[in-house]
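# Reading the structure
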Amino acid sequence: MLRNVFTKSLWDQRRSLMWWSIGIAALAILTTLFYPAISEAGDLGKALEDSEALANLFSGGFTDLNSPEGFLNSQLYSLTVPIVFLIFAISAGSGAIAGEEERGTLDLLMSSPVTRSEVLVHKFAAMTVAISVLGAVLWAGVALGAAIVDMDLSLWRSGQVVVSGLLLGIVFGACALALGSATGRRGTSIAFASAVAVGTYFLNALAPLVDALDPLTKLSPFHYYISADPLVNGLDPLHVLVLVTLSLALLGIALFTLERRDLAV
Amino acid sequence: MNAVIRTENLTKFYGDQMAITDVNLEVREGEVFGYLGPNGAGKTTTIRVLFDFIRPTSGSATVFGLDAREHSREIRRQVDYLPGDMVIYDRMTGREVLTYLSNLREGVDWRYVEELAERFECDLSQRVRSLSRGNRQKIGLIQAFMHRSRLIIMDEPSSGLDPLKQQEFYNLVGEVKADGRTVFISSHNLPEVERVCDRIGIIRRGELVNVEDVGELKNRALHKLEIHFSGPVPPEAFSNLPGLRDVTVEDGRVRCTVMGKPDALIKAAARYEVVKLVSEEPSLEEIFLSYYSRDDSDAP
């Protein structure tokens, strides 16, 4: 497992990845187990329908809690899953370069015959694989919960919304990676990436309330994550393309800035 | 002789803070070169340019004739490094760290790694986090020696080592030199460079003030002389003599520091009955200080 920077980065995360997996599995299963109780209770979604703002903020505008898709969208995919994926990705992205630099281990690593770009690409790949593991756990957890409560859910579509969530997580992981690569400061990277995440989340949730602002949602990565409702309609290729392009552009910024600056002692 | 490291007018500013300026350094193949200066003089900055961790403000650096910036990877393939502040992945064991670092290059002879670990009495199965500073330094030394690279650059290598391990380190440097390989050691520890180095470069406040053979340096430098006479001597006879410094005369005893030739002193002393002549071999410490005392304000 210590073959190269990529495998070593995964190896470093083995314990944290295990705990994250346990947490996400529990979250997915428990949430799904509540479905029968909620759907039998009838019009719980009514409260959300009364306030578009609340619905947009806390359930992604999904107010139909009686269908499996509406329930999962509002309870899991609109807010909880992005929060979980983003925390993991931002922490991994900021730690990749800036974390090693601040701890002082980057000198030793960079004295080996590896280029800065190689290290970056390996670390980006490790982050992508690690978050994909969490995505797989989430999908399996929902599938297991759905089987237990006999929920009528397409596992294929369920997988697609998870992939959409992964792509969103990777965008913000790449954002944190780029900030960390440019500044060498882990704290700065976490703070700014999180601020961008919160800002664009609110943008996507609240801009639709004012007609004039509605087009601004297109500036938010969250729009490309969920607005096409991948759990019902499957992935929107255009939206996938936007998220992937954004990630690669941020990776490009990371490569560009890291190559051009002095590494801190 | 080939220059393994060469810098030309190497200058580095951090913002408007000067770290090194116009450093012209040449390290020859097969020698042990000591880069001597107090903390903050610019030693680490010079080394970090060689590894392309930082980019010079002006001037250039080459290693094996390759530009440090353009061919960094090729250079790093053939150079080993011991960072001054030995920070390693603290959640890994020593063996894991060495495995990782060796995998990033080709071919490490693990028997040699085991041998090095034995010589430094270093337990590789412990997690780095639980190791003392000295033991971390040992892992740093092992990784610097284990690839048997053509050039080993070490920043304050013996810091934190006990005297026995220091000796082992000096032995290893001797073995590398016997192999015809080159060692570059930065240090603020004079007895250390005196012991292992062939030539030293003295750096002070970012400027390379002198490079010479360790032997020559000692020859050329100041000598302390003490002359005992049979009776009291007049202080005036010894004041204002050329090439003398710090002259004290008391009770028929003259003490002074001689710079260059002691001729004037000997001729002045010859007028009286000399009982005893004591010459003190200068330590490098004193030689070193003499370079610094030229500039007075904040000399160490």
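Being a predicted model, the structure only gives us computed values, none of them experimental.

## What about the overall build of chain A?
Of the regular secondary structure elements, chain A holds 14 helices and 0 strands. When the elements of chain A are put in sequence order from the N terminus, they spell out α-α-α-α-α-α-α-α-α-α-α-α-α-α. Across its three principal directions, the C-alpha atoms of chain A cover 65 × 45 × 30 Å. Burial status across chain A gives 44% buried among its 265 residues. Sequence separation of 24 or more characterises 73% of the internal contacts of chain A that already satisfy a separation of 6 or more.

## Side note on the interface of chain B and chain A
Contacts between chain B and chain A engage 20 residues on the former and 17 residues on the latter. Looking at the side of chain B that touches chain A, the elements that each hand over two or more residues are α2 (72-78) and α3 (94-103) of chain B. If one sorts the elements of the side of chain B that touches chain A by residue count, α3(B) sits on top with 5 residues. Of the residues assigned to the side of chain B that touches chain A, the class counts are 11 nonpolar, 2 polar and 7 charged.

## Quick word on the sheet that holds strand β13 (residues 253-258) of chain B
Residues and elements named next belong to chain B. The 4 strands lie next to each other as β12-β13-β11-β14, forming an open sheet whose pairing is antiparallel. Each edge of the open sheet is held by one strand with a lone partner, namely β12 (244-250) and β14 (274-280). Put simply, the sheet's adjacent strands are angled 15° from each other on average, direction ignored.

## A look at the sheet that holds strand β4 (residues 58-63) of chain B
Residue and element names in this part refer to chain B. Strand order in the open sheet made by the 4 strands is β2-β1-β4-β5, with antiparallel pairing throughout. Edge positions in the sheet fall to β2 (17-28) and β5 (66-67), since each has one partner strand and no second. Strands in contact with helix α1 (residues 43-50) are β1 (3-14), β2 and β4; relative to β1, the strand with the most contacts, it is inclined by about 115°.

## Looking at the domain arrangement of chain B
Each assigned domain of chain B is listed here: domain 1 (3-218) and domain 2 (222-281). Each of domain 1 of chain B and domain 2 of chain B was reduced to a C-alpha centroid, and the two centroids are 44 Å apart.

## A closer look at the packing of helix α7 (residues 80-103) of chain A against helix α9 (residues 116-148) of chain A
All names here are of chain A. Close contact between α7 and α9 brings their axes to 10 Å; oriented N to C, the two are set at 160°. Taken as axis vectors, α7 and α9 run roughly antiparallel relative to one another. The interaxial crossing formed by α7 with α9 has right-handed handedness. Facing V81, F85, F88, A89, A92, G93, A96 and I97 of α7, the residues of α9 in contact are L120, K123, M127, A130, I131, L134 and L138. Here the contact of α7 with α9 is built from residues that sort into 13 nonpolar, 1 polar and 1 charged.

## Looking at the nonpolar core
Formed by 66 residues in total, the largest nonpolar core has its most connected members in B:L50, B:I142, B:I153, B:F184 and B:I185. Discounting residues that sit within four places of it in the chain, B:I185 has contacts with B:V32, B:G34, B:Y35, B:M154, B:P157, B:V193, B:V196 and B:C197. A:I24, A:M127, A:V142 and A:L179 belong to the second-largest nonpolar core, a separate cluster that totals 62 residues.

## A few points about helix α2 (residues 14-33) of chain A
The end-to-end C-alpha separation of α2(A) is 28 Å, in line with the 28 Å expected for 20 residues at 1.5 Å each. Summarising the contacts, the buried residues of α2(A) are in contact with α3 (35-40), α7 and α9 of chain A.

## Details of the environment of B:G243
Residues and elements named next belong to chain B. Among the structural elements, G243 can be located in the loop between β11 (223-229) and β12. With 14 C-beta atoms packed within 10 Å, G243 lands in the partly exposed category. For the pair G243 and N103, spaced 140 residues apart in the sequence, the C-alpha separation amounts to 59 Å. Not counting chain neighbours up to four residues away, the residues in contact with G243 comprise V258, M259, G260, K261 and A264.

## Here we look at unusual backbone geometry
Positioned with a positive phi, A:D229 is a non-glycine residue whose angle comes to about 50°. Along the polypeptide, A:D229 turns up in the loop between α12 (221-226) and α13 (230-233). The phi angle at B:N9 is positive, at roughly 50°, despite the residue not being glycine. Checked against the element boundaries, B:N9 lands in strand β1. Using a count of 12 C-beta atoms within 10 Å as the deciding quantity, one classes B:N9 as exposed.

## Describing the confidence of the model for chain B
Residue and element names in this part refer to chain B. Confidence in the prediction of chain B, expressed as mean pLDDT, is 89, and 91% of residues score 70 or more. In this model, residues 295-300 is a region of pLDDT below 50 whose contacts with residues beyond four sequence positions or in other chains number 4 contacts. Across the assembled chains, the prediction reports ipTM 0.89 with pTM 0.87.

## Looking at the pairing of strand β9 (residues 199-204) of chain B
Residue and element names in this part refer to chain B. With 5 of 6 residues buried, β9 is to be regarded as a mostly interior element. Bridging between strand β3 (residues 32-36) and β9 involves 4 bridges; their strand directions are parallel. Note on β9: the bridge partner recorded for G34 is I200. With 6 bridges joining them, β9 and strand β10 (residues 207-213) adopt antiparallel strand pairing. By the bridge assignment for β10, G201 is matched with V211. Taking the residues that link successive antiparallel strands as the turn, the β9-β10 hairpin has 2 residues, and the phi of R205 there is positive, at about 45°.

Conventions adopted
Residues numbered from 1 in each chain as written. Chains lettered and ligands numbered in written order. Predicted model: local features only at pLDDT ≥ 70, side-chain atom pairs only at ≥ 80, totals over all residues. Helix = DSSP H or I, 4+ residues; strand = E, 2+ residues; numbered from the N terminus. Buried ≥ 20, exposed ≤ 12 C-beta atoms within 10 Å, placed from the backbone. Contact = placed C-beta atoms within 7 Å. Nonpolar A, V, L, I, M, F, W, Y, C, P; charged D, E, K, R; others polar. Pairing = 2+ DSSP bridges. Axes fitted to C-alpha atoms, helices over the stretch in contact; angles between N-to-C directions. Domains from an automatic or database assignment. Parallel < 35°, antiparallel > 145°, perpendicular 65-115°, else oblique. Left-handed = near helix turned anticlockwise from the far one by under 90°. Core = buried A, V, L, I, M, F, W, Y, C linked by C-beta atoms within 7 Å. Expected span 1.5 Å × (residues − 1). pLDDT = per-residue confidence, 0-100.

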